[in-house]
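Close look at the chain arrangement
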Amino acid sequence: MFFVLTIASVLLPSYRYLFFVFLGAFLSLCLVLFMQKELTRRWSALACFYSFFALSTIYSIIVSICSGPTFVSVNMLALLLLHNLLMLDKTWRIALFSFASSAAYLGAIAFFKTPTLAVDEFINVFSFFLLSVLLGTYHSTSQLESFDLKRRAEIGEITDPLTHLYNRKKLYDVLQESCHGDRSTPVCGIAMIDVDKFKQYNDCLGHQAGDRCLETLGLQFAAFGSAHDLLLFRYGGEEFVAVSKTHTDEQLVALCCELGQKIVALGLRHPAAQRPIVTISIGVSYSATALQVSYDQMISQADLALYAAKRQGRNAVCYFGPPLSIHSLDAKPLDLGPIVEAVFE
């Protein structure tokens, strides 16, 4: 629109000074669009847009007055459309801003132009105001729907649909970011979690019951992670992963023990287990300094510790490292050897 107005102003010798006005307005718009991409705070970007269009309204009033009492200006008509098509804000707020801009423009025109031309300007501005509100409402609705679909797609890409925890892809994204991105808070501990004898659970109660069990466990894991600064992921099947960035090895093992006790306390029925309730086994791997071992190694170590916990009878926490020493949760303090296993009973 600004290109069209610029060409028109250049073709009319009497109004070539308008070229600089339109050029300045166009460059200002480009600057605002650039700033909108750079600024992360929504209100900062909106303030830039509203400021730009307020200044543009002043431009339009000055140009319309300077053009003479017999010239109908189209600047304000273009601005009314741009108000609603370029800004993404609440519809009523944009409409109110457009109305205020139109009122200021028409008020100035009423003092400086002939009554006949002022009426023509009023009809034009009012018509474009209604058109801009309709187009802006449609545009805003379409944009919001597009953003919502994109947001849902992004969430679905990194979220497990059954447990609503982060999925395996998100786990690797977090590990990659910790490895190559901000290392101020790197991942220091990984815990592999497995639901004990889950295949037998499905065989006895059916896959739908198994899905409900995983969904319940997912809710418990999510709540526990939020309360204790842990990131929980569904790794696949009945396996989950907990990631720590802030805990010591002792704290992480103690939290894993507490999580196991909470699952026991749920009392979910498991007819195929030795204890007729659902339990979990956890293998923990820890790196005291960032990148002392690779994250692939930490996952492998946590997996080995998990299988050590299962070999010791399940319903246990095992901390990776040779040799193996076993301590019940009643032992105070919990002695962390290179491998420590704490049984929930």
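Refer to the structure printed above.
Scoring rules and cut-offs
Residues numbered from 1 in each chain as written. Predicted model: local features only at pLDDT ≥ 70, side-chain atom pairs only at ≥ 80, totals over all residues. Heavy atoms only, no water. Buried < 20%, exposed > 50% of the residue type's maximum accessible area, 1.4 Å probe, protein only. Helix = DSSP H or I, 4+ residues; strand = E, 2+ residues; numbered from the N terminus. Pairing = 2+ DSSP bridges. Expected span 1.5 Å × (residues − 1). 1 Å grid on protein atoms, 1.4 Å probe; cavity = no way out; pocket = protein on both sides within 12 Å on 5 of 7 lines; lining within 4 Å. Points joined across faces, edges and corners; volume = space filled by probe spheres on them. Nonpolar A, V, L, I, M, F, W, Y, C, P; charged D, E, K, R; others polar. Phe/Tyr/Trp six-rings, centres within 6.5 Å; stacked < 30°, edge-to-face > 60°. Core = buried A, V, L, I, M, F, W, Y, C linked by side-chain atoms within 4.5 Å.

1. Considerations on the pairing of strand β2 (residues 230-236)
Across the 7 residues of β2, 5 count as buried, placing the element largely inside the fold. Pairing of β2 with strand β3 (residues 239-244) involves 6 bridges; the strand directions are antiparallel. Each residue of the ladder has a partner; that of Gly236, found in β3, is Glu239. Two successive antiparallel strands, β2 and β3, enclose a turn made up of 2 residues, where Gly237 displays a positive phi of approximately 60°.

2. Let's talk about helix α11 (residues 295-311)
Compared with an ideal rise of 1.5 Å per residue, which puts 17 residues at 24 Å, α11 spans 24 Å between its outermost C-alpha atoms and is within 8% of the ideal. Remark: Gly313 follows α11 within two positions and exhibits a positive phi of approximately 115°.

3. Here's the deal with the pairing of strand β1 (residues 189-195)
Burial runs high along β1: 7 of the 7 residues are buried. Burial along β1 is two-sided: the residues Gly189, Ala191, Ile193 and Val195 and Ile190, Met192 and Asp194 are all buried. One ladder, built from 6 bridges, connects β1 with β3; its direction is antiparallel. Each residue of the ladder has a partner; that of Asp194, found in β3, is Glu239.

4. Points about the layout of surface pockets
By volume, the largest pocket amounts to about 210 Å³. Of the residues contributing to the lining of the largest pocket, the split by class is 2 nonpolar, 5 polar and 5 charged.

5. Considering the packing of aromatic side chains
Each aromatic ring pair is described using two quantities: the centre-to-centre distance and the angle formed by the ring planes. What the rule picks out here adds up to 5 aromatic pairs. Ring geometry for Tyr166 versus Phe233: centroids 5.8 Å apart, planes at 35°, classification tilted. Within this pair, whereas Tyr166 is found in the loop between α6 (115-158) and α7 (168-180), its partner Phe233 is found in strand β2, the two being separated by 67 residues in sequence. A relative accessible area of 33% places Tyr166 in the partly exposed class.

6. Thoughts on the nonpolar core
With 31 residues, the main nonpolar core has Ile193, Val195, Phe221, Ile280, Ile282 and Val284 as its most contacted residues. Those elements that provide at least two residues to this core are β1, α8 (198-205), α9 (207-228), β2, β3, α10 (249-266), β4 (280-286) and β5 (316-319). Examining the composition of this core, we find that 7 residues originate from one element, α10, more than from any other. Counting 21 residues, the second-largest nonpolar core is a separate cluster that includes Ala108, Ile109, Val125 and Phe129.

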